Amino acid sequence: MNFTRALATTSCRHVVGSSFASIFASQSVYASARCMPDFINHSCIGGAGYSSGTKECGIRCFHASSQVWSRSDAAYGLKPPKREKYVRKGSRNQPPVDAPHVPCKVTATKSNPDKTIEIFEGMTLVELAKRSGKSVSSLQDILTTVGEKIQSEFEPLSMDISELVAMEVGVNVKRLHSTEGKEVLPRPPVVTVMGHVDHGKTSLLDALRQTSVAAKEAGGITQHLGAFVVGMSSGASITFLDTPGHAAFSAMRARGAAVTDIVVLVVAADDGVMPQTLEAVSHAKSANVPVVVAVNKCDKPGANPEKVKLQLASEGLLLEEMGGDIQVVEVSALKKTGLDNLEEALLLQADMMDLKARFDGPAQAYVVEARLDKGRGPLVTTIVKAGTLVCGQHVVVGSQWGKIRAIKDAAGRLTQRATPAMPVEIEGLRGLPMAGDDVIAVHSEERARMLSSGRKKKFEEDRLRGKIVHIPTTSDDTEEVPKRVEMAVIVKGDVQGTVQAVTDALTTLNSPQVSVNVVHVGVGPISQSDVDLAQACGACIVGFNVKSPPISLTQAATRASIKVIMHRVIYHVLEDVANLIIEKAPGTPETQVAGQAEVLNIFEVKGSKSKGPDVKIAGCKVVEGFVNRSATMRLLRSGEMVFEGPCSSLKREKQDVDSVKKGNECGLVINNCCDFQIGDVIQCLEQVVRKPKFIKSESGAVRIEC
Ligand code: GDP
């Protein structure tokens, strides 16, 4: 497994179901970058092809490394592009066998599509077995099938191999990347523009694009890439994703691609806060992405920015000028005024967030847009989150693979590598990936084929199951820790009053163990945007007194495993939401007394060298419930506990039995217990999981009892 470190793949992947396809089919998402002065210096490691003039604008550093292979490239863990193959480190000299991927034949393992495990570079087979809940030997068999040999189960595995093995046992993976021991440097922010229809999102992006690096350098002509980079005189830059609106934003999020750092919320000064304004706020909030407000159309005679600010404040947005931390900038996309202020506000927000990324090492990138070009084949715009993507690398993108033939920057120029927050277009994939897919570099074509084929297989399995795997919200989901049950809910109602009433009623279900989190509320029918948000944050949708959504929307929700609750009576809403919570709740493990036996007699079996130590047998009569051979027994004397331990033998008339019911006699041995007395009581303890209960009182009040 020495190739593992040379492989060193990156990025975070969730295997997700196919119903996202429809969402992405019709959309395009875009990207962009900012370079701090020190970022420029660092991102041009080796200085190849980098001239002093490039410091005027950070984006130039993206192209600075040119075709020359420098010594510092070793820092990326990569080999010169010409060689096209990675050399394995360590003692293993043979390259991987370039045989086509044969699907694994190990059948002993059972698929667990609901389970997502975290994998990381260098994890051992033992760790993988523990996380996936499979035996080490079954995983070893899979390793052999995928052509991988290990000396011991403690040998570090590459992330690719871990993913391959995990996919074979049917669990989903989340790739973890450590920056431990690696240098992290400031990176540009990635910004998405959202807001109500016609409030000027597209116009604002157009206006900003004209100030972009590409427009400046190409005499105002920009090619469509899906993202653009605005360079500032300070040398800093901002990457703008080119698709406005929250559909693309939540669709990316639903696939685990948290690319956006800041949301620009566009509100028209002559129209004020509208339903989609609030939707956008909910999307940003639920993704934990800060907002900078752009009050647009300030040139219009009817513009009233102050009114907009008051409306926003009354919706709970803590604006800076009212003592909060949300910046508000007045702009006019039409007249191109206030754009500098907006860019400054974004950089200030970025500085406060202290955005940093690892530049060295393999890239962790995401697809923001993919299209098919007649001559060039699949073209994929990606944004690098960390590390460096290099031309010539073999990559797996979602379930597609290929070898990067060319990388083009936002200005359409060829470059050798892409660094964090840099939007680039890559060429050379065999198929079209989807927006939000991860991009990982692998060390050989064979490995790329294998991973791609494994992912396709898993994807298809999930699709057939109609299963969409939701992305875990936290990275350290350990199964053993009892969790607080959180239920995200979107509430849509006929009028504001009922929406409020339903929201208030839902919060009455809250308790120390249960948290109902209303992520978005709105007046009107359930929309595609609600489904997108629900998908992104694992919410259910409550439609109160609204007309049923169209079949296409219901089907989209079903495909994404989103529960849609439609009612006209609040109590029914509460009952359904409570039942969803109960379904979701892992329950509390509890010890329960399954039965009791009374000790009537005591027998002693003398031990020997071959038989072991002396054993005391309690001759009992089961007086309550049953006693089980596999259970823990508690010995009570005059009501006091004397001993507790596992049952090591249970016999009825000299026959070993698994269980003895009330009214029957049996011989019972408790491991290491030799202190029985006639008249003692032995309790059989059983582990049960107690689920919360929906309780309705006579007054009509409801609650969930945990
Ligand atoms: P979107 O739906 O949010 O993307 O909005 P658009 O960018 O398509 O703009 C909707 C309409 O508002 C168009 O007719 C624009 O010309 C107009 N518009 C956008 N920004 C401004 C502005 O700053 N001032 C004025 N007066 N009109 C604007």
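Nothing here was measured: the structure is a model prediction, and the numbers come from that model.

Criteria and thresholds
- Residues numbered from 1 in each chain as written.
- Predicted model: local features only at pLDDT ≥ 70, side-chain atom pairs only at ≥ 80, totals over all residues.
- Heavy atoms only, no water.
- Helix = DSSP H or I, 4+ residues; strand = E, 2+ residues; numbered from the N terminus.
- Buried < 20%, exposed > 50% of the residue type's maximum accessible area, 1.4 Å probe, protein only.
- Contact = heavy atoms within 4.5 Å.
- Areas by Shrake-Rupley, 256 points an atom, 1.4 Å probe, with all protein chains shown as cover.
- Near = heavy atom within 4 Å.
- Polar contact = N/O pair within 3.5 Å; in protein donor to acceptor, adjacent residues only side chain to side chain.
- Nonpolar A, V, L, I, M, F, W, Y, C, P; charged D, E, K, R; others polar.
- Pairing = 2+ DSSP bridges.
- Axes fitted to C-alpha atoms, helices over the stretch in contact; angles between N-to-C directions.
- Phe/Tyr/Trp six-rings, centres within 6.5 Å; stacked < 30°, edge-to-face > 60°.
- Expected span 1.5 Å × (residues − 1).
- Disulfide = S-S within 2.5 Å.
- Salt bridge = Lys/Arg side-chain N within 4 Å of Asp/Glu carboxyl O.

For the rest of this paragraph, the subject is the overall build of the chain. Each helix and strand counted, the chain has 17 helices and 33 strands in total. Within the chain, buried positions represent 53% of all 706 residues. Excluding contacts between residues fewer than 6 apart, the proportion of contacts in the chain whose partners are at least 24 apart in sequence is 74%. When the accessible surface of the chain is split by element, carbon and sulfur atoms take 51% of a total near 30,900 Å².

Neighbouring the ligand are 15 residues; D198, T202, S203, D299 and A333 lie closest to it. Between the ligand and D198, the relevant distance is 2.8 Å, taken from an oxygen atom to a main-chain nitrogen or oxygen of the residue. The backbone of H199 places a nitrogen or oxygen atom 3.3 Å from an oxygen atom of the ligand. Within the complex, the protein chains bury 74% of what would otherwise be the 580 Å² of accessible surface of the ligand. Looking at the shell around the ligand element by element, the count peaks at 3 residues for helix α7 (residues 201–209). Across the shell around the ligand, the residue classes tally to 3 nonpolar, 7 polar and 5 charged.

On to the environment of S452. For S452, the position within the fold is in helix α13 (residues 445–464). Residue S452 is classed as buried on the basis of its relative accessible area, which comes to 2%. Remark: the alpha-carbon pair of S452 and V397, spanning 55 residues in sequence, is separated by 7.9 Å. Apart from residues no more than four positions distant in its own chain, S452 is found in contact with V396, S399, Q400 and W401.

Now for the sheet that holds strand β6 (residues 237–241). A sheet is described by the order of its strands in space; here 6 strands give the open sequence β5-β6-β4-β7-β8-β9, paired in mixed fashion. Every interior strand has two partners, whereas the edge strands, β5 (227–231) and β9 (328–330), have only one. Strand-to-strand, the axes of this sheet are offset by a mean angle of 30°, without reference to chain direction. As defined by bridge partners, strand β4 (residues 190–195) adjoins β6 across 2 bridges and the pair is classed as parallel. Opposite V190, over in β6, you have T239 as the bridge partner. Each of β7 (262–268), β8 (291–296) and β9 is contacted by helix α11 (residues 305–314), which is oriented at about 160° to β9, the strand it contacts most.

Another point: the sheet that holds strand β20 (residues 485–493). With respect to topology, 4 strands assemble into an open sheet ordered β21-β20-β22-β23, the strand pairing being parallel. In this open sheet, the two strands that pair with only one neighbour each are β21 (514–523) and β23 (564–567). When the angles between neighbouring strand axes are averaged without regard to direction, this sheet yields 25°. Bridging between β20 and β21 involves 9 bridges; their strand directions are parallel. Looking at β21, one finds that I490 is bridged to H520.

Pairing analysis gives 10 bridges linking strand β24 (residues 588–605) to strand β31 (residues 681–690), with the strands arranged antiparallel. Opposite E598, over in β31, you have V681 as the bridge partner.

What follows covers unusual backbone geometry. The phi angle at D354 is positive, at roughly 50°, despite the residue not being glycine. Relative to the helices and strands, D354 is located in the loop between α12 (339–353) and β10 (356–358). Judged by relative accessible area, D354 falls into the partly exposed class, the value being 48%.

Time to look at the packing of aromatic side chains. Given two aromatic rings, their pairing is described by the distance between the two centres and the angle made by the two planes. If you walk through the whole model with that rule in mind, you get 1 aromatic pair. Between F228 and F240, the aromatic rings sit 5.3 Å apart at their centres with planes inclined by 20°, giving stacked as the arrangement. In this pair, F228 sits in strand β5 while F240 sits in strand β6, placing the two residues 12 residues apart along the sequence.

By the element assignment, N664 lies in the loop between β29 (659–661) and β30 (665–670). The class of N664 is partly exposed, set by a relative accessible area of 26%. For the pair N664 and C620, spaced 44 residues apart in sequence, the C-alpha to C-alpha distance is 8.4 Å. In contact with N664, other than residues within four places in its own chain, are C620, K621, V622 and R652.

Helix length check: helix α17 (residues 570–584) (15 residues) gives 21 Å between terminal C-alpha atoms against 21 Å at 1.5 Å per residue, within 8%. Among the residues of α17, V573, L574, V577, A578, L580, I581 and I582 are the ones counted as buried.

The next point concerns the state of the cysteines. Applying the stated criterion across every chain yields a total of 0 disulfides. Among the cysteines around C620, which has no disulfide bond, C666 carries the closest sulfur, lying 5.0 Å off. Looking at the unpaired C674, the closest cysteine sulfur is the one in C673, lying at 6.4 Å.

In this section: the pattern of salt bridges. Counting across every chain of the model gives 24 salt bridges. With a shortest N-O distance of 2.5 Å, R209 and D242 are connected by a salt bridge. Taken together, the positions of R209 in helix α7 and D242 in the loop between β6 and α9 (246–254) put the pair 33 residues apart, joining distant regions of the chain. Taken together, the shared-partner salt bridges in this structure form one network comprising R371, R376, R405, E425 and E427.

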